[in-house]
Structures are given as C-alpha cells and as structure tokens.
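Given next are the chains, with one letter for each unit.
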Amino acid sequence: MCGIFGYIGTKKDDDAATRVVAGLGRLSYRGYDSWGVAGVDSSGITVTKDVGVVPAQKPKTVGLFSVAVGHTRWATHGGVTKNNAHPHLASDGSFALAQNGIVENFLELRERLKKEFSFTTQTDTEVIVRLIEKKKQKTTDLHEAVRAAFMELEGRNTVIILAEDSTVIAARNGSPLVLGKSKSGNSYFSSDTLSFANEVETVLVVENGQMVVCEGQTVQLFDIASGDTVVPKFEALTVVAETADKAGYDHFMVKEIHDSADVLAQVAAQDPLAMKELAQAIDTARTVYTLGSGTAGIAAAQIAFYLRKYAKVNTISLVGAEAQSYFDLFGPGDLIIAPSQSGETADVLEVLELAQTKGVKIATYVNMSGSMMTRMADFPFMAGAGPEFCVMSTKVFTSQIAWGYLLAKTVAGEFTEGVAELEKTKHALRTYLADTKTEKSLKKLAKKLIPASSIFLLGKSQNLEMVKEGMVKMIEGSYKHAHGIAAGDLKHYAITLMEKGVPVIVAVSNDEARTDTISAGIEVQSRGATVIGIGQGKVDQFDAFVELPDTGETAALINVVALQLLAYYMTVLLGNNVDKPRNIAKSVTVK
Ligand code: GLU
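Quick notes on the rules
- Residues numbered from 1 in each chain as written.
- Predicted model: local features only at pLDDT ≥ 70, side-chain atom pairs only at ≥ 80, totals over all residues.
- Heavy atoms only, no water.
- Helix = DSSP H or I, 4+ residues; strand = E, 2+ residues; numbered from the N terminus.
- Rg over C-alpha atoms; globule rule 2.2 N^0.38 Å.
- Contact = heavy atoms within 4.5 Å.
- Areas by Shrake-Rupley, 256 points an atom, 1.4 Å probe, with all protein chains shown as cover.
- Lys, Arg positive; Asp, Glu negative; His and termini not counted.
- Charge placed at Lys NZ, Arg CZ, Asp CG, Glu CD.
- Phe/Tyr/Trp six-rings, centres within 6.5 Å; stacked < 30°, edge-to-face > 60°.
- Buried < 20%, exposed > 50% of the residue type's maximum accessible area, 1.4 Å probe, protein only.
- Pairing = 2+ DSSP bridges.
- Axes fitted to C-alpha atoms, helices over the stretch in contact; angles between N-to-C directions.
- Salt bridge = Lys/Arg side-chain N within 4 Å of Asp/Glu carboxyl O.

Side note on the overall build of the protein
Thought 1: Helices and strands together make up the secondary structure of the protein, namely 16 helices and 25 strands.
Thought 2: At 25 Å, the protein has a C-alpha radius of gyration in line with the 25 Å of a compact globule built from 591 residues.
Thought 3: Summarising its shape, the C-alpha atoms of the protein cover approximately 75 × 50 × 45 Å along the three principal directions.
Thought 4: Put simply, 70% of the contacts in the protein that link residues at least 6 apart link residues at least 24 apart.
Thought 5: A total of about 22,700 Å² of accessible surface is found on the protein, and carbon and sulfur atoms cover 51% of it.
Thought 6: Between the averaged position of the 59 positive side-chain charges in the protein and that of its 67 negative side-chain charges there is a distance of 4 Å.

Regarding the packing of aromatic side chains
Thought 1: In total, this model carries 14 aromatic pairs according to the counting rule given.
Thought 2: A centroid spacing of 5.7 Å and a plane angle of 85° characterise the contact between Tyr-310 and Tyr-405, whose relative ring orientation is edge-to-face. Taken as a pair, Tyr-310 in helix α8 (residues 295–311) and Tyr-405 in helix α11 (residues 395–411) lie far apart in primary sequence, 95 residues in all. With respect to burial, Tyr-310 and Tyr-405 carry one shared label: buried.

Comments concerning the sheet that holds strand β6 (residues 95–101)
Thought 1: The seven strands are arranged β5-β6-β7-β8-β12-β13-β14 in an open sheet whose pairing can be described as antiparallel. Of all the strands in the sheet, the pair left with one neighbour each is β5 (88–89) and β14 (229–230).
Thought 2: The pairing of β6 with strand β7 (residues 157–163) spans seven bridges and is classified as antiparallel. Bridge pairing in β7 places Phe-95 opposite Ala-163.
Thought 3: Across the sheet, helix α3 (residues 125–136) touches β5, β6 and β7, and the angle it forms with β6 is around 135°.

Section: unusual backbone geometry
Thought 1: A cis geometry characterises the amide bond from His-86 onward to Pro-87, with omega recorded as -5°.
Thought 2: Along the chain, Pro-87 falls in the loop between β4 (67–73) and β5.
Thought 3: Positioned with a positive phi, Ser-166 is a non-glycine residue whose angle comes to about 75°.
Thought 4: With respect to the helices and strands, the residue Ser-166 is situated in the loop between β7 and β8 (168–173).
Thought 5: With a phi close to 70°, Asn-583 is a non-glycine residue in the positive phi region.
Thought 6: Considering the arrangement of structural elements, one finds Asn-583 in the segment after α16 (555–573).
Thought 7: Asn-583 sits in the exposed class, given a relative accessible area of 61%.

Overview of the pattern of salt bridges
Thought 1: All chains considered together, the criterion is met by 30 salt bridges.
Thought 2: Its salt-bridge partner being Glu-116, residue Lys-134 comes within 2.8 Å of it at the nearest N-O pair. Residue Lys-134 is located in helix α3, and its partner Glu-116 is located in the loop between α2 (106–114) and α3; the two are separated by 18 residues in the primary sequence.
Thought 3: Assessed through its relative accessible area of 45%, Glu-116 is described here as partly exposed.
Thought 4: With its nearest N and O atoms 3.3 Å apart, the salt bridge here joins Arg-147 to Glu-144. Note that Arg-147 and Glu-144 are positioned in helix α4 (residues 142–151) at a spacing of three residues, about one turn of the helix.
Thought 5: Looking at Arg-147, the relative accessible area reads 14%, which means it is buried.

Below, the structure written as structure tokens:
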C-alpha cells in the first residue's frame, strides 16, 4: 500500500520537508507503520525515518530543504523497523528511493546482486536501489539507469527517487502516481490527488509504464519501455480538497457512519440515463460478475444478490484474490461490476486488466476521484460519498450496496421506485441515527460483547452479507474473533461451538427469510447461546432484541449501519485505535 509524496520548491528557502510530512500525513490511510523523509542540499541527501505514524509536524531534526521526498509504509517485505523504513539510500549516498508495491522477483534479483553489493535491509525495495546502482555502472545518466532497472522489475511498482543534484524521478507501473503544479511552479508528487489538492492548480496523471524526471520547474515525461519522450498533459484540478473534520464527533468512524443518510441521498441522485445505460448492458450481457476485495468484496456480493433478487439476472460475485479460475471463462459479452472505495485495489485491478484484454466490459463504482479503475471503466460511476478518513470503511460500503439496489431496480424497469425506496430509507436512517436511544442500546450491547472471546453473527437472504460486514468491522476494530455465517448453514458445523453464554447476533427482517432465521436463533439458544436479535419485528423468544426501522426491501441498509455502530462502540470500549486499526490500510495497492 504505502504513500509516496515529493516536493520541488522554486525558492531556496521553501521548506519542502514540512510539505512532505504534511502530505504523508494525508496519505497515511495507505499505511502507517513507519515513515521517512529525504531532503537534499549542498551537503548531499539526508534521510530521517522512524517507526510509527507520520508525525503531525516536521520533526526538529529534519533540516530545511527546497526539495524532498517521503514515504509512509505498510510493510510487505521486512519487519516494521526504522532500518526497513523508506527512503533507502544508495551505497554512495547519491540518491534515495521510496517504493509503493512489491518486487515479485526480488529474491532472484537479490541473489544476483548480492555478489556485488551488500544488503542492509530486509526489504524488496533495497533490490531496486542496488539494481539502479548496478545500471549506473554503465551510464552516468541516473534516469537511464532507473529506466533500465525498472524494466527488470516484476510486480506492480511505483518509485520516487531523489538525486543528489536535486532532480526527482518517479516511475510508475501499477501503484498510482500523480504530479501537481502550483501557480508559482512548485511541483508535488503523490499517490493521490486529494493529498495536494489544496496547493496545486494543474495535475498530470502519470500512466503505467511512464516515468517523470523533474528538475526545478522542468518536467520531462518518458515511456519506460521505449525511452521515448511523451508530451505531458497537465489538466486543471477538479478535485476539491476536503479538510479532515470530525464535525464534533470523537472519531471519524462514527462521524462517517452518521453521514450514511446523506450518502443515500447521493445514490438516489445518480444520473438516471447512466444507470439505464448500464442496466441495458446488464440485460444484454453474456455473464454478469461483481468483483471486490474485503469490505468492497462483501458489497460486490450484496450487489449480486440484489441483481439476482430484483432484476432476475444470474450474477456471479468474485473476490479479487480468488478470481483466477474464471480467467479462462471471461470473454466478449461479459460484464464486471466492481465497487471500490479507492479504485486502486491491486488484486481487483489485476482481474480487471486481464478481463479487459479479453473483451469484458467494466462498470465501476468508486469513491476516490481520478482512480485507475474509474479511468479504465466503460461505465464509470462515482459514489460521491465524501472522503472517508477512518481506515474501516462504513459509509462507502452503505453507498455501494444502496447503488447496487438501485441498479437492480433499474434493470427491473423500476428506477423511480428504487429512488423512492432510497429516499424513504434515508429518512428512516436519519431519524434512527438522531435518536439518543440508538447510542444507548448499541453501547449496552457492545458492553455485553466485550468479555466474549468469539462472537457469532447469523443472517439469511438480504442480511447474510450484512452480518459478514458486521463481522469484518468487529474483527478490524475490536480485534476480536467474529464469525458471520449463513443462518441455515450453522447447523452443518458451527453449532458445535454453541455453549452457555456464547453471544450470537441474529439479523432478522420482515422478509421471506424471517421464519428460518428465527429458527436458527432458537436452535442455538437451546444449546446455551445468548441470542441477540437485531433488525425488524421484535422476536420475543430471543434474549435481547435491538429493534430497527422497517424499510422493507432496503432493510439490510439499516441493519448494516447498526452493526457498524455496534463494532464502533466495541472498539471504543476496548480502547483500540478506532480510525487507524493495527496492521491494515485503507487502500490495498499490493497483492
Ligand atoms: N514492499 C515495500 C515494503 O515492504 C513497499 C510496501 C508497499 O507498497 O505497501 O517496504
């Protein structure tokens, strides 16, 4: 994952490192286990790095440089140590490099390079540094050496390099890279546009297989494979920087859950023509797939559920990391619908890129603007849910499934009815979230769950993926073992774990799954489990019940918001880091 940031100031007294530290802070959703900054002045390159989250301000130990680059890390290769943190220096100190990605052939390259160079870290990144050093033996031109080295790397990699002569070189193959220019000619490099949106006027999206070389105000763009120059096309910045504001809430997570009603309004305002165009593509497609990873993978499964249920379209849902067995089956006439928060998820992109070469059409529903997925899509949709600062996704998930619901209704020729249902759900959700009883009841339930070592969640039909998402949020935030399972499947295995006091949350709505779901709850209750119902229509037999508004076809949207809030209160009660849980990152740009 990782975030890369760089700055070239036009004035000698420009404090580049301060800008880089601030930029890295805005990128820390991409990884926050360690950070580093490299700056250059007449005495050469100085690197400062440490473990932990990027500091709020430039540390006093970092000097004044007009050119600097930096990195916030999510370790893939090599432990989380100061030594493994980026940027990494060349043996002779002539350049420093930071990487976003994984060098898939790093073992092989390291074996080869070990004969000549000594390795001082455990990272795959150091292989790139040594490889460039090797290439420099044959050329005095650093950018040629970088280009030659890049050609030998396997995997999705983006690097930024600071040279001792103050040149900054950045090369992209996979992980995102954007270059921004301010009015006064300062250059900004970053993994995303939002991180510098406040400061730049124009943006250049560096494409895969391209490399930029910047010296002062001069920008040169190259095609890595051929070495040919490419005319850089800077575009006016359209993204508006949103300030990270908790709006009076204790954490971004709870603020963002509370944004959910507004998010439904955004979905209801989707362009009907664009929705109908995609609906038609679904109607005529040979096979329709949905695709995502993690929370977006669960959203993909729910979108597939809505398409089967309301549009009667045979839809197959895929998880990014497990789609290979379909590769030979993809072909012209197929359609993949991919919801994503970042639009940069590596394992999803890999599937989409492969599918596109086979003539598959792609529809995306993404929250971050300017992403890879959006740019490659035949049907690009934007969630417009506003920035999500908490690493755990909540409102964007709700937006994705609401959009999936509306899409299914559109295919069924009921776009207007779908919009009306979402409007109704928005009001119900707003009232529910504003009610002080909501917080009280969910906090009480969270308290009950804290002593448990394992929590089970049962759901069926529209609620199955919702309990899985509840499980994901509990695991991410509370670090507790949770298990979301199909209510009907429970008796085939997990029932062996039901003993006195085991908490089981049962999501139940007034739908065709109601009787079966209640039966599953009663079955586990008979074996000693404590059963807590959550949803529509109180079930008196259960030990407790959290009653939620009944919005009919969209009840799942309400239920998942309650489960997100429950996971939030558990996380708070346990004293965990709510907005930055350990070990995860928001944008998973490595496989
Ligand atoms: N592979 C590099 C490391 O472990 C970069 C990781 C990343 O981009 O997530 O340091």
